[in-house]
Amino acid sequence: MSKVFCNKPFNHNYIHPNGKYRLCCTTIQDLPTDNNYNLFDASKHSLQDYWNSNRMKEVRRKMIAGEKIRDCERCYEQEEQGIRSLRDTQGMDEFIAITKPDGFLKRPATDMQLQLGNICNLKCKMCSQMYSHMHGMETKQIGEQDPDWLHWVKKQGANVNNWTNELGVREEWYKDKELKMKMYEHISANIEKLTIIGGEPTLIPEFYEIFDYCDKNNTLQDKIVVIVTNLTNTNPKITKWLPKLKEWHIWASVDGLGERTEYIRYPSNWQKILASLEFYKKNIGTNGGITLSPAVQLLNIDQLDDIIKWWIDWCGGELNDQYNFTWLATVWYPLICNPNIAPREWRLKVADKLEKYKFDDVYDSIVHNLRKDYHSQDSYIELQKAFIKYNDKQDQFRNVTKTWRQLLPELEKAIKV
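Procedures and definitions
Residues numbered from 1 in each chain as written. Predicted model: local features only at pLDDT ≥ 70, side-chain atom pairs only at ≥ 80, totals over all residues. Heavy atoms only, no water. Helix = DSSP H or I, 4+ residues; strand = E, 2+ residues; numbered from the N terminus. Buried < 20%, exposed > 50% of the residue type's maximum accessible area, 1.4 Å probe, protein only. 1 Å grid on protein atoms, 1.4 Å probe; cavity = no way out; pocket = protein on both sides within 12 Å on 5 of 7 lines; lining within 4 Å. Points joined across faces, edges and corners; volume = space filled by probe spheres on them. Nonpolar A, V, L, I, M, F, W, Y, C, P; charged D, E, K, R; others polar. Axes fitted to C-alpha atoms, helices over the stretch in contact; angles between N-to-C directions. Parallel < 35°, antiparallel > 145°, perpendicular 65-115°, else oblique. Left-handed = near helix turned anticlockwise from the far one by under 90°. Contact = heavy atoms within 4.5 Å. Polar contact = N/O pair within 3.5 Å; in protein donor to acceptor, adjacent residues only side chain to side chain. Pairing = 2+ DSSP bridges. Salt bridge = Lys/Arg side-chain N within 4 Å of Asp/Glu carboxyl O.

Across the junction of tyrosine 266 and proline 267, the peptide omega takes the value -5°, indicating a cis bond. Along the polypeptide, proline 267 turns up in the loop between helix H10 (259-264) and helix H11 (270-282). Residues other than glycine seldom take positive phi values, yet asparagine 36 does so here, at roughly 60°. Along the chain, the position of asparagine 36 falls in the loop between strand S1 (12-15) and helix H2 (47-51). Residue classification places asparagine 36 among the exposed positions, given a relative accessible area of 63%.

Next comes the structure, spelled out in C-alpha cells:
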C-alpha cells in the first residue's frame, strides 16, 4: 500500500473556519489560486472553482507518482512515530483510474468537512481564535491588562496558542448569499457524507439552512451527517430532519468527567452536557448514533480510562454501531496541551494507571507514547514553563472555581521549573 497516496484530494472537500480551502483538516496550507498569489476562499470562490485548479491537479499527479506532498507533512510525521494518521488509501486504484494524466478529475467529491466559521460559546483550553471568536476575545482582554503576556503568547506561536489572525474577529465566510446557495446546491446534489464543525455549529443559522435546503430538494435520505458539537446548545428543531437522514452521528466533544470537562471546555456545564446527551439518545431512532470524541490532552489524559469506563456505562454497558468512541481529536498543537510535554515521572505514573485497563490498540499506543521522550531536556523545561505561565494567567483572569493546580495536584508537584 502506498505510503504517500491519500484519497482526500480525489474525493473530499474541506473548508477551514476562516473560509480557506485546504486538502483536509490536518493540513495547514491554504490552496493557492492559479495565479499563485491569492488563496481560494469560500467567501469569494465556489467549490467548483478550486476542485480542478492547478494546485489540486498537481497534488493528484504527485500522489499517483508516489511523491510526497508538503501539505501532508503532519500525517507523514505521525506515521513515522508509529501513530495512526488520517491518511486514507481506500479506493486508491479507482481514483487513479478516473484521474486524467494532468490530474484533472471530472467527478466531484462525495465527502465533505465543513467548518462553519469560528462562532462559539466556549473558550476551551486547547482552542484559539481560529476556532472560537470568544477565545480570541478573551485573549485580547487579558492582553489589554497585561500587554507583555500577550506579546509573549504571540511570540510563542503554536507552543501555547494557535493564534492566526486578529483576535475577536468573527469568521463568517458563509454569509455571501450567492456562494452560500451554490454550496447548498453542491451539498444537496453531490455530498454523501457531510461532517459539520465550527466553532459550535448549532449556534449558526446556516447550519439549519443546509438541512432545510436538502429537505426541500428531497436529498436528506441520501446523506450521512456527522455533527461535531460541544453539547451546550441543543435546538429541538433539528429533530425535524434527523429521522429523514440515511444516517446521523453526534460527535460529542466531552473531555473529562464533571468539573474536569467544565475546566477544559470553559464555561460549559456538566449537567447541561448530560441533558444534551439524553436528548440525542431519546431521538436516536434506527439511523442515529452518538460517538464520544474527547480531545486527548495533558489536562485529561490521567483520567482517560475513567472517561472511557463512564462512557461505556452511559451507553448501556457496551459500544456498538450507535454508541461509539473515537480517538481522532488527540491534541498535538498547541504543544503545551500535548501530554508528552509533562515531566517523565508524572507520565510514567499515568501510563501505569492507564495500562491496567485494556480498551483498544489506539489506547495502547497512547499509553505507550507516554513512556517516550520526544523533546530535549531544555525543550521540556521551556514547554513546562510555558504551560504554567499560560494557564496560570488564564485561570486568574477567569477566576475559576478550581485551577489546573487544584485539579491536577500530582502534575503541579511533578513540574519543578
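Having seen the model, we can carry on.
Put simply, the second largest pocket is a space of about 220 Å³. As for the second largest pocket, its lining consists of 15 residues, of which Trp346, Lys349, Pro409, Glu410 and Leu411 are closest to the centre. Where the lining of the second largest pocket is concerned, the elements lending two or more residues are helix H13 (344-354) and helix H17 (409-414). In terms of residue class, the lining of the second largest pocket is made up of seven nonpolar, no polar and eight charged.

Before going further, it helps to spend a moment on the packing of helix H7 (residues 147-156) against helix H15 (residues 377-398). Contact geometry for H7 and H15: axes closest at 12 Å, N-to-C directions at 135°. Looking at the two axes, H7 sits oblique to H15. For the pair H7 and H15, the sense of crossing is left-handed. Residues Trp149, Trp152, Val153 and Gln156 of H7 form the contact with H15, whose own contacting residues are Ala386, Lys389, Tyr390 and Lys393. Classifying every residue of the contact of H7 with H15 gives five nonpolar, one polar and two charged.

For the rest of this paragraph, the subject is the side chain of arginine 265. Inspection of the secondary structure puts arginine 265 in the loop between H10 and H11. Reaching out from arginine 265, the side chain makes a polar contact with the backbone oxygen of serine 253 at a distance of 3.2 Å. Apart from residues no more than four positions distant in its own chain, arginine 265 is found in contact with Leu122, Cys124, Met126, Ser253, Val254, Asp255 and Ala295.

This part covers the pairing of S1. In S1, alternate side chains face the same way, and those of His12 and Tyr14 on one face and Asn13 and Ile15 on the other are all buried. In this structure, S1 lies alongside strand S2 (residues 111-115), joined through four bridges in parallel fashion. If you follow isoleucine 15 over to S2, its bridge partner there is leucine 114.

The subject of this paragraph is the pattern of salt bridges. Applying the stated criterion to the full structure yields 30 salt bridges. The salt bridge involving arginine 347 is made with aspartate 373; its shortest N-O contact spans 2.8 Å. Highlighted residues: arginine 347 in helix H13 and aspartate 373 in the loop between helix H14 (361-370) and H15, separated in sequence by 26 residues. Looking at aspartate 373, the relative accessible area reads 45%, which means it is partly exposed.

On to the sheet that holds strand S6 (residues 288-292), then. Either a parallel or an antiparallel arrangement is found when strands of a sheet pair, and the pairing is made through backbone hydrogen bonds. Read from one edge to the other, the open sheet built from seven strands follows the order S1-S2-S3-S4-S5-S6-S7, with strand pairing classed as parallel. Sheet topology places S1 and strand S7 (323-325) at the edges, where each strand pairs with a single neighbour. Between one strand and the next, the sheet's axes are offset by a mean angle of 15°, whatever the strand orientation. Docked against the sheet, helix H8 (residues 177-190) engages S1, S2 and strand S3 (193-197), running at close to 145° with respect to S2.

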